[in-house]
Amino acid sequence: MISIIDVIGPSMIGPSSSHTLGAMRISKFVYNLFNSTPDNATFYLHGSFKDTYIGHGTGLALVAGLCGMATDDPSVSKADEISKRSGFNYEFKAIDLGDVHPNTVKIVATKDNLSHEVIGSSVGGGRIKIISIDSISCNITGELPTLVIENDDVPGALESIVRVISLNSVNIAQVSLSRISKGSKIANMILELDDELDNSIIENLRMLKIVKSMIYVKSLNYAS
Amino acid sequence: MNVKFFNDLVEISEKTGEDLHKVILNWEMLDTGYSSEKLIENTSKLLKVMEEEYASKKDKAFKTLVNLTGTNGKKMYNYVQNAFVGEKVFKAATIAVTMAENNASMGRIVACPTAGSSGVMPGVLLVLEEYGIPRDRLVLSLIVAGAIGKIIATRASLSGSEAGCQAEIGSATAMAAGAAVYATYGSAKQVSNAAALSLKSLMGLVCDPVGGFVEVPCVKRNATGATLALLFCDMAKSGVESVIPLDEVIDAMMSVGRSLPESLRETGKGGIAITPTARRLIKGLNDKFKISGD
Ligand code: SF4
């Protein structure tokens, strides 16, 4: 159910919820993946994002998100200068991602030797849909905390992960699974959770033998 | 508490003698789990953003994203004393335009209910505040406005791309008119009448932003909204009623929205967006803003 506070808000940076707020939330999601500003990023703009990235401020919003700014920080409009000072390099490119929402961006970012690729769409009213994380298709809103896990592709892998999470009485809202390639012994899973996880649970998950790597992505908060 | 109509809220308030905002707070708690304290606190924060932004921008010229607007708020600010419509109305319009220009220049705004229409509510609320309505009352009035908007969002739409500008500026006006009635201690029924009169008067308004940018006609339509909201507040409080009840007007608005062609729903392909002057203005802009391709 939509709440009154969402109708009379949020406080945000203009000029439009799909072109600034939504764009910024997509790149903020990427920021949360790294938990910091990456060194480099390329924004591949698809559809109407490609035509409007200056006139609607989409470009600045994307940069601001990766700088970790709050979605109503008045300095979003100066994100280009701020990023320069912090040594964050980025470029914009056009791309055709095919049959996706017209307001879609693919963000490829690197920090040290870590690299992530996220595709997200701004679907209206500031809401977003992340449709791919590191080449794993998914369909998440970013409003819930998310686990991105790389694991051994063995029977029972999912169950053992789910067991740790549900032992701590956190519900799983959605699961996306994929195999890197048929022959590889590595698989990926993305779990959307109903609640934030305690650090201890996150550590328990990391200690599982089947877990190769794991990222815990905080939920995007509409208000900040 | 299954509330589908705004009139349900009005009736509960009338039957129980409970204040309209209390009925709404109860409904919201049952509907979304949002506690009254939290809702009041967060609403107060949104009002604070409106207050702060206007205080820091009120006599400024803006450099907007595509520069089709940006100095109108300042011009109006300097003209207030001469306004034939009177200081209150003209100030409301001035605030609305200033906040909309702030939006167009990537300023901080409150999307109440959308970014394009974000000047209407501060226009009305900040004038009421200036003329002595206590801030606490304004917070409650903003919640009442939120209830009007929520009913519109669930029965119809608040989006220009779905239902035209009637859904954005129209809804903002209805919400602000209701808020103004409540702020000035009008009855629940008058709140609903003021909102209905507003939506009726903007019925059919198309969404036709020049170049697709939230500048022309969006900025000045915020003045329309703030002005009409104050007018319909007074009309409702004088006893004028909307012959067609608010909930039916909302449904009618949506059915008009559905029959609007796509060219009149935020595509920049109809209405004033395709006038010769508009075409001239955006020619070049588009090339300037295109990305150097892949
Ligand atoms: S014309 Fe369209 S974009 Fe502009 S305020 Fe109205 S609905 Fe919003």
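Within every chain, residues take consecutive numbers counted from 1 along the sequence as written. Here every chain gets a letter starting at A, and every ligand a number starting at 1, in the order they are written. Local features are withheld for residues below a pLDDT of 70 in this predicted model, meaning they are given only at 70 or higher, and side-chain atom pairs are given and counted only at 80 or more; totals for whole chains, interfaces and linings count all residues. The side-chain values count all of the structure's non-hydrogen atoms but skip hydrogen atoms and water molecules.

Student: Hey, could you run me through helix α9 (residues 169-183) of chain B in this one?
Tutor: In an α-helix, one turn spans 3.6 residues; hence positions three or four apart end up facing the same way. Residues and elements named next belong to chain B. The helix and strand labels rest on DSSP assignments: H or I over at least four residues marks a helix, E over at least two residues marks a strand, and numbering proceeds from the N terminus. Take the residue count of a helix, subtract one, and multiply by 1.5 Å to get its expected span. Its 15 residues give α9 an end-to-end C-alpha distance of 20 Å, which sits within 8% of 21 Å, the value for a rise of 1.5 Å per residue. By the criterion of burial, α9 is predominantly enclosed, with 15 of the 15 residues buried. Just beyond α9, the residue with positive phi is Tyr185, at close to 65°. Categorising residues by exposure relies on relative accessible area from a 1.4 Å probe, with only protein chains included: less than 20% of the type maximum marks a residue as buried, more than 50% marks it as exposed, and the intermediate range marks it as partly exposed.

Student: Is there a simple way to think about the site of the ligand in this case?
Tutor: Only heavy atoms are used to decide nearness, and a residue is near a molecule or strand if one of them lies within 4 Å of it. Surveying the vicinity of the ligand reveals the residues Gly116, Gly160, Cys165, Glu168, Cys207, Asp208, Cys218 and Arg221 of chain B. Asp, Glu, Lys and Arg are counted as charged, while Ala, Val, Leu, Ile, Met, Phe, Trp, Tyr, Cys and Pro are counted as nonpolar; the rest, among them Gly, fall into the polar class. In the shell around the ligand, the residues fall into three nonpolar, two polar and three charged.

Student: Even after reading the chapter, I still don't get the interface of chain B and chain A, so can you show me in this structure?
Tutor: For an interface, size is often stated in terms of accessible area lost upon the parts coming together. Across the contact, 43 residues belong to chain B and 34 residues belong to chain A. At the boundary of chain B with chain A, total buried surface from both sides reaches about 3,000 Å², with 70% on carbon and sulfur atoms. For salt bridges, the criterion is a side-chain nitrogen of Lys or Arg within 4 Å of an Asp or Glu carboxyl oxygen. At the boundary of chain B and chain A, one finds zero salt bridges. In protein, a polar contact means a hydrogen-donor-capable atom and an acceptor-capable atom, both N or O and within 3.5 Å, with residues adjacent in sequence counting only if both atoms are side-chain atoms; elsewhere, any N or O pair within 3.5 Å suffices. Summed over the shared surface of chain B and chain A, the result is seven residue pairs in polar contact (both at pLDDT 80 or more). Listed by contribution, the elements that provide at least two residues to the side of chain B that touches chain A are α2 (20-32), α3 (36-57), α5 (87-104), β1 (108-110), α7 (135-155) and α14 (285-289) of chain B. Counting residues per element, the side of chain B that touches chain A draws most heavily on α7 of chain B, which supplies eight residues. Classifying every residue of the side of chain B that touches chain A gives 25 nonpolar, eleven polar and seven charged. Two strands qualify as a pair provided that DSSP identifies no fewer than 2 bridges between them. As paired strands, strand β1 (residues 11-13) of chain A and β1 of chain B are joined by three bridges and run antiparallel to one another. Bridged to Ile13 of chain A within β1 of chain B is Arg108 of chain B. In this description, contact between two residues means that some pair of their heavy atoms is separated by no more than 4.5 Å. Here the quantity called buried area is the total loss of accessible area, with a 1.4 Å probe, experienced by two parts when brought into contact, counted for both.

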